[in-house]
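The residues making up each chain are set out below.
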Amino acid sequence: RRHTRCSRDWSSDGVLFRSGQETEPAPVRFEVRALAEEVYGLRRSSFGRARIKVTVAPTDGEFWIRAPRPDVLRAVANLMLNAERAVAGRPNSEIRFEVTANAGRVRLTVNDNGPGIPAERLATLFEPFGEGTGPGIGLAVSRWLVERAGGTLTLASNDAGAAFAIEFPADR
């Protein structure tokens, strides 16, 4: 099957696309809290230099899903980068990855204590190239990757900072 694959260029703010004869990643069983720890590890030194506190909670338990792991990793990495941009330079900057399970579903929420999403952006938040979105496709691509894998990506809260939630059926 032919499609366009997304990958993050960690040296810039852009999301790059490559097209060609590539297959979609196969769904595999993996533990979501471990994936959150891995994503955090990608930027651990940057967070330390910027004095951004990052936590992954809970510190124990297992939360298994079945999905294309590279797609979920890309989506979570994008949410983390967005959170990092939102809190950069703010006092007491914090990002929290929180994993929960309820009613047969696993939810990974990426919370930040940044300024939140302006009300005028909420209606078009997941649309590519909306006004004031920077490069403009990160959330749209992240949602597409998650939905293609059978999950959902939503803005879970916008009260004190922003909280984005990725949710999949649990794989027991």
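This report concerns the structure included in the present document.

Analysis parameters
- Residues numbered from 1 in each chain as written.
- Predicted model: local features only at pLDDT ≥ 70, side-chain atom pairs only at ≥ 80, totals over all residues.
- Heavy atoms only, no water.
- Helix = DSSP H or I, 4+ residues; strand = E, 2+ residues; numbered from the N terminus.
- Buried < 20%, exposed > 50% of the residue type's maximum accessible area, 1.4 Å probe, protein only.
- Contact = heavy atoms within 4.5 Å.
- Areas by Shrake-Rupley, 256 points an atom, 1.4 Å probe, with all protein chains shown as cover.
- Core = buried A, V, L, I, M, F, W, Y, C linked by side-chain atoms within 4.5 Å.
- Phe/Tyr/Trp six-rings, centres within 6.5 Å; stacked < 30°, edge-to-face > 60°.
- Lys NZ or Arg CZ within 6 Å of the ring centre and 35° of its normal.

Quick notes on the overall build of the chain
Point 1. A count of helices and strands for the chain gives 3 helices and 9 strands.
Point 2. The linear arrangement of helices and strands in the chain, starting from the amino end, is β-β-β-α-β-β-α-β-β-α-β-β.
Point 3. The buried share of the chain, taken over its 172 residues, is 46%.
Point 4. Look at the contacts in the chain between residues 6 or more apart in sequence, and 65% of them connect residues 24 or more apart.
Point 5. For the chain, the accessible area works out to roughly 9,100 Å², and carbon and sulfur atoms hold 49% of it.

Some words on the environment of Leu-125
Point 1. Here Leu-125 is to be found in the loop between strand E7 (105-112) and helix H3 (138-148).
Point 2. A relative accessible area of 4% means that Leu-125 is categorised as buried.
Point 3. For Leu-125 and Thr-154, which are 29 residues apart along the polypeptide, the C-alpha to C-alpha distance reads 9.9 Å.
Point 4. Filtering out sequence-adjacent residues up to four positions away, Leu-125 remains in contact with Ile-117, Leu-139, Leu-155 and Phe-164.

Some points on unusual backbone geometry
Point 1. Look at the link from Ala-57 to Pro-58: it is a cis peptide, with omega at -5 degrees.
Point 2. Topologically, Pro-58 is positioned in the loop between strand E4 (53-57) and strand E5 (64-67).
Point 3. Phi is positive for Arg-51, close to 55 degrees, though the residue is something other than glycine.
Point 4. As for its position among the elements, Arg-51 is in the loop between helix H1 (32-49) and E4.
Point 5. In the Ramachandran plot, Asn-92 falls in the positive-phi region, its phi being about 55 degrees despite a non-glycine side chain.

Comments concerning the nonpolar core
Point 1. Counting residues in each nonpolar core, the largest one holds 39 residues, and the members touching the most others are Ile-95, Phe-97 and Phe-164.
Point 2. Broken down by secondary-structure element, the contributors of at least two residues to this core are H1, E4, E5, helix H2 (69-87), strand E6 (94-102), E7, H3 and strand E9 (163-169).
Point 3. In contact with Phe-97, not counting residues within four places along its chain, are Ala-36, Val-39, Tyr-40, Val-54, Thr-55, Val-56, Ala-57, Val-76, Met-80, Leu-108, Thr-109 and Val-110.

Here's the deal with the packing of aromatic side chains
How two aromatic rings sit relative to each other is set out by the distance from centre to centre and by the angle between their planes.
Point 1. Per the stated rule, a full pass over the model turns up 2 aromatic pairs.
Point 2. An angle of 25 degrees between the planes, with centres 5.9 Å apart, marks the rings of Tyr-40 and Phe-47 as stacked.
Point 3. Accessibility expressed as a relative area gives 14% for Tyr-40, which makes it buried.
Point 4. Overall, Phe-47 belongs to the buried group, its relative accessible area being 1%.
Point 5. Stacked on the ring of Trp-64, the Lys or Arg Arg-29 has its end atom at 4.3 Å from the ring centre.

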